[in-house]
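Residue-level structural notes
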Amino acid sequence: MDKQNAANMIKAAQAGDAHAFERLINTYYDVIFKFACKWCGNASDAEDITQDACIKLARFICKYDGKAAFTSWLYRLVINCGKDWYRSQNRHPSNPDALEYVQADSTSEQQIYAKQVINALYQLPEGEKDAVLLVLCQGLSHKEAAYALGCKENTISWRVHEARKKLSAQFKKEQDYG
Amino acid sequence: MDDNKRDHILKNIDTPAIDENAKKRALNLAMAEFDSVQKEKAVEKEKKFQGFQILSRLMGNSNTETNKRKRNAMEQRSHKKFIYGGMATAAAVIIVAGVGLNLAPNFGAGSQLTQHASIDTLSTGSAAPLNKGRIETLSQTRTESALVEQESFAPQPSSSPAPKEKADQLGGRKHAPQKKQAEMQRQYGMIEGKAVPMRSKDEATAARTMIAPTAPSSTNFTGHAHEADSMIALAPADIMPNHYQDVGRDKFSDFTENPFKAVADEPVSTFSADVDTASYSFVRRQLNNGVLPQKDAVRIEELINYFDYDYATPTDKSEPFKPSVTLTESPWNTGKQLMHIGIKGYEFTGEQPNSNIVFLLDVSGSMNSPDKLPLVKNSMKMLLSSLKPDDTVSIAVYAGAAGTVLEPTKVSDKAKIIAAFDRLSAGGSTAGAAGINLAYQLAEQNFDENAVNRVILATDGDFNVGINNREELKDFVERKREKGVFLSVLGFGQGNYNDDMMQALAQNGNGVAAYIDTLSEARKVLVEEATSSLFPIAKDVKFQIEFNPERVSEYRLVGYETRALNREDFNNDAVDAGDIGAGHSVTAIYEITPAGSPTMVDPLRYGKKGEAADQGSTDVSDDIAFLKIRYKLPKENVSRLITQAITQEKNGPHCPTVSLCDYGINPDTQFATAVASFAQILKGGKYTGNMGYDAVITLANAAKGDDPFGYRAEFIQMVRLAKTASDMQP
């Protein structure tokens, strides 16, 4: 779906067009679910979070003001829903066992390394993890990521930097040992 | 360098595939929420009425946290528009008192249950205008009590100075953001008010009802009613806001009542047997809640067949039933007659066959209410008592995943089975895993050719395990049926009860569909009628009646709309039809117009009168109709035929075969007539003439008979409830 189409659809949904909203959910469900999955690392939790996010979307779609990309706005919604959801469940995201690194002709060694990287990502403090997710995994600009996390652009840059430093240190250490 | 590698990895993280079921559920929920948001907006646009807050505060929400927040938000508002708020409160209280008093006698009984005014036009068509009228009268007559309540409520907006002061202080500096916050809180409050702490997916069921503008609990029900009513009361008289309408999400297949048919056009009527009783229990539950059931929920034949009639039973297994026919005057239309055709299945006298039973239980979070999983457990334990020690039982559950709770176990090891039931608890989400597959696997694993192999499914709603397409599921069940594993369905709960699917499954699985609303219903289905529910004596039972145009000018089959068959299907053994268990009775009622009496359908002006007369021979001229029943024995695939001519002497009213009985001669016939009348009245009374609930009560009362379990007495009680419920309607 091209940008203009998407924008029209969002506008129509904001105006109360149920069909447009249905199309919107159909279109963006995948985006939401994939991101929720990456955010919490667990498919069934992600389904619940996505469901909540879709419901919230119904109520708050009119609040989207077009200042940032719709996906960034969605990510923000998903993160908030995810936090609420885990709070309501009284637990934290468990291991990211649903996530895999897909790369054709990757060796099993690379696979294991990838798994370690993903696990390490989930060991990071929450703010850093979210920043890395948005910037490195989703390819958002620092500005967009700042919008999605509701913080300053500098904070994102700093968090990504910190995260990189930590990851490097961790794997450096492992290399030293191993 | 490592950074690049890691970045590459992070960029290429793959997530699991999307579950289409989950997507659909989320879409449904989101659409429901979207609708309610739009409705709220429409209402807000019409008038800036702030009564929601005041009312929801009065509703006595158990969530104190939410309440507190709401109150804060409210106080900030009342600070601004204090006088309006007070007025609105006073107005609201009067209405609350009015409606409260109004609803109390009707909803009090079922207050812990979900209230769904059905979408039926009969029951809710325009409840709001009526309520308005009632509110006005009540608020006049009940001013006194309203004032008492007002006193207790009114001080609240003004008499909690501390938070208000705080609001004042803050209000000076941060007025705008605070207002925004209040707005947000209000919105969250709305969400939370409806979506209580259920989060799991399969609670699509539960959550859906909550998010939609339906009322999950009686408190909320009245609450919503108040909202709706107060809107009406406060809106300008010329604008009628789109009033609140409760939408039950129970799904029933849509059908219309059979019409009168001219014998000249269509002399043959064909239908399949139906021994299900789900419709009766569902109707009873709705009536106990004080609402009329939706019309599609009333399947007349299921109401009639809920009761046991004392028809003559054969003792021979090979011809498992014999028809008995009674003719009475029709109470609905003068000049018409009712032809009751009853069959009763042969009852086991000796040893009951072995059974291999798999319970497939829905244990998703939505089953976590007293009328669901606990009732399921108790019902299943009851069923154990009707099984033999040698029978095998296994338990499979589905929720977050499908799993085997109990491997096939002999009933003699009762303690183990009961322990397995007791361990079950509802919770978690429904991933919609392969529950039914697993159940069939268990049944096949322990398949016994000489036993009754049956899966018993107990669930509250959407059957979204594994295959969720209805047609696909039907085919799946049908294939398994051919292998010898049958499926029975027990429905529980309400609000999202998917009757449509349940019927389809049970019919294709050669089983019964029952709806369990109380423990006594469980007892009836699983203990008293265990043999009927568990052991089929005949399958694919079809009825075909050919009317003699010389004696009958038109006929109408009462009920069996969902079971109609084509004329050619009767002799086609491949066509599936209803099954009859040991001791089941099936009653079909035809309303017929004897030749010569005034007809509903105008006769054809250019009809072929001569031809019919030519064919009439002396032999058959006494026949009213000719009844044919086809059935297959459980293990056979070729059908057998029973035929019987229904004869009446032309001049003598008391012929040995069939006579025009007076009521009272046969109480069973009379009672069946009463039930049929009731069911038709519930469906709108298109064909019942002037007959009302009172006449049904009189008719049924006189025919109560022995009634050892009190079912008939309960029916009469139900008619009374229906009368009250219908009086509430406009």
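Preceding this paragraph is the structure being described.
Sequence order as written defines residue numbering, which begins from 1 separately in each chain. Following the order in which they are written, the chains are lettered starting with A and the ligands numbered starting with 1. pLDDT decides what is reported in this predicted model: residues at 70 or higher carry local features, side-chain atom pairs at 80 or more are listed and counted, and totals for whole chains, interfaces and linings draw on all residues regardless. To get the side-chain values, all heavy atoms of the structure are used, and hydrogens and water are removed first.

Structural notes on the packing of aromatic side chains
Note on aromatic contacts: the rings of Phe and Tyr and the six-membered ring of Trp form a pair at centre separations within 6.5 Å, being stacked when their planes are under 30 degrees apart, edge-to-face when over 60 apart, and tilted otherwise. Inspection of every chain in the model, using the stated rule, returns 31 aromatic pairs over all chains. With 4.4 Å between their ring centres and 35° between their planes, F35(A) and Y75(A) make a pair best called tilted. You can see F35(A) sitting in helix α2 (residues 18-40) and its partner Y75(A) sitting in helix α4 (residues 70-89), a full 40 residues away along the chain. Taken individually, F35(A) and Y75(A) each receive the classification buried, so the pair is uniform in this respect. On the numbers, 5.0 Å between centres and 80° between planes, the contact of W85(A) with Y86(A) is edge-to-face. The structure contains a cluster of three or more aromatic residues connected by ring pairs, namely Y280(B), Y306(B), F307(B), F671(B), F678(B), Y693(B), F709(B), Y711(B) and F715(B). Helix and strand definitions here come from DSSP, where helices need a minimum of 4 consecutive H or I residues and strands a minimum of 2 consecutive E residues; each element is numbered from the N-terminal end. Exposure classes here rest on a 1.4 Å probe applied to the protein chains alone. A residue is buried below 20% of its type maximum, exposed above 50%, and partly exposed in between.

Details of the interface of chain B and chain A
Should any heavy atoms of two residues lie within 4.5 Å, those residues are considered in contact. Between chain B and chain A, the contact holds 41 residues from the first and 52 residues from the second. Where chain B abuts chain A, roughly 4,400 Å² becomes buried across the two surfaces, and 64% of that area is made up of carbon and sulfur atoms. For this analysis, a salt bridge means a side-chain nitrogen from Lys or Arg found within 4 Å of a carboxyl oxygen belonging to Asp or Glu. Inspection of the region where chain B meets chain A yields four salt bridges. With its nearest N and O atoms 2.9 Å apart, the salt bridge here joins D7(B) to R164(A). What qualifies as a polar contact is a pair of N or O atoms within 3.5 Å, subject to a donor-acceptor requirement within protein and to the restriction that residues adjacent in sequence count only when both atoms come from side chains. Taken together, chain B and chain A are joined by seven residue pairs in polar contact (both at pLDDT 80 or more). Listing elements by their share of the side of chain B that touches chain A, those giving two or more residues are α1 (2-11), β1 (13-14), α2 (20-46) and α11 (175-194) of chain B. At 15 residues, the largest contribution of residues to the side of chain B that touches chain A is made by α2(B). Sheet analysis places strand β1 (residues 100-101) of chain A next to β1(B), joined by two bridges and oriented antiparallel. Note that in β1(B) the partner of Y101(A) across the bridge is I13(B). Using a 1.4 Å probe, buried area is obtained as the accessible area two parts lose upon being combined, added over both of them. Strand pairing follows a simple DSSP-based rule, namely that at least 2 bridges must link the two strands.

Observations regarding the pattern of salt bridges
In a structure, side chains of opposite charge can pair up when their charged atoms sit close to one another. Evaluation of the coordinates by the stated rule reveals 27 salt bridges over all chains. Where D84(A) meets K56(A), a salt bridge forms, and the shortest distance between an N and an O atom there is 3.9 Å. Here D84(A) is found in helix α4, whereas its partner K56(A) is found in helix α3 (residues 43-60), with 28 residues between them in sequence. Among the ionic contacts, a cluster of salt bridges with common partners joins R284(B), D517(B), E521(B) and E714(B).

Remarks on α3(A)
Residue and element names in this part refer to chain A. The end-to-end C-alpha distance of α3 is 25 Å, a good match for the 26 Å that 18 residues give at a rise of 1.5 Å each. Of all 18 residues making up α3, 16 are buried, and the element is well covered by its neighbours. Near the N-terminus of α3, the side chain that reaches the backbone nitrogen of S44, with its oxygen 2.9 Å away, is that of N42. Expected helix span is given by 1.5 Å per residue-to-residue step, counting one fewer step than there are residues.

What to know about the state of the cysteines
All names here are of chain A. By definition, disulfides here are pairs of cysteine sulfur atoms that lie within 2.5 Å. Scanning all chains against the criterion turns up zero disulfides over all chains. With no disulfide partner, C81 has as its closest neighbouring cysteine sulfur the one in C54, 8.9 Å distant. The class of C81 is buried, set by a relative accessible area of 3%.

Some words on unusual backbone geometry
Peptide bonds are mostly trans, and most non-glycine residues show a negative phi. All names here are of chain B. Within the chain, D540 stands out as a residue other than glycine whose phi angle is a positive 50°. By relative accessible area, which is 7% here, D540 ends up buried. Backbone geometry at Y560 places phi at a positive 60°, although glycine is not the residue there. A relative accessible area of 1% places Y560 in the buried class.

Overview of the packing of helix α1 (residues 3-14) of chain A against α2(A)
Residues and elements named next belong to chain A. Orientation of α1 relative to α2, taken along the N-to-C sense of each, is 130°, at an axis distance of 8 Å. Between α1 and α2, the interaxial angle falls into the category oblique. When you trace α1 past α2, the crossing you get is left-handed. Where α1 approaches α2, its residues A6, M9, I10, A12 and A13 are matched on the opposing element by A20, F21, R23, L24, T27 and Y28. In terms of residue class, the contact of α1 with α2 is made up of nine nonpolar, one polar and one charged. Structural elements are reduced to axes, namely lines fitted to C-alpha atoms, with helices fitted over the stretch in contact, and the angle between N-to-C directions of any two is expressed from 0 to 180 degrees. Throughout, the term roughly parallel applies to angles under 35 degrees, roughly antiparallel to angles over 145, roughly perpendicular to angles from 65 to 115, and oblique to all others. Two helices crossing with the near one rotated counterclockwise from the far one by less than a right angle form a left-handed crossing, whereas a clockwise rotation gives a right-handed crossing. Classes in brief: Ala, Val, Leu, Ile, Met, Phe, Trp, Tyr, Cys and Pro nonpolar; Asp, Glu, Lys and Arg charged; the others, Gly included, polar.

A look at the pairing of strand β4 (residues 323-329) of chain B
Residues and elements named next belong to chain B. A large share of β4 lies buried, amounting to five of its seven residues. Strand direction decides the pairing type here: β4 and strand β5 (residues 337-344), joined by seven bridges, are antiparallel. The residue bridging E329 from the neighbouring strand is Q337, located in β5.

So, to be careful, I would describe these as geometric facts and stop short of saying anything about function.
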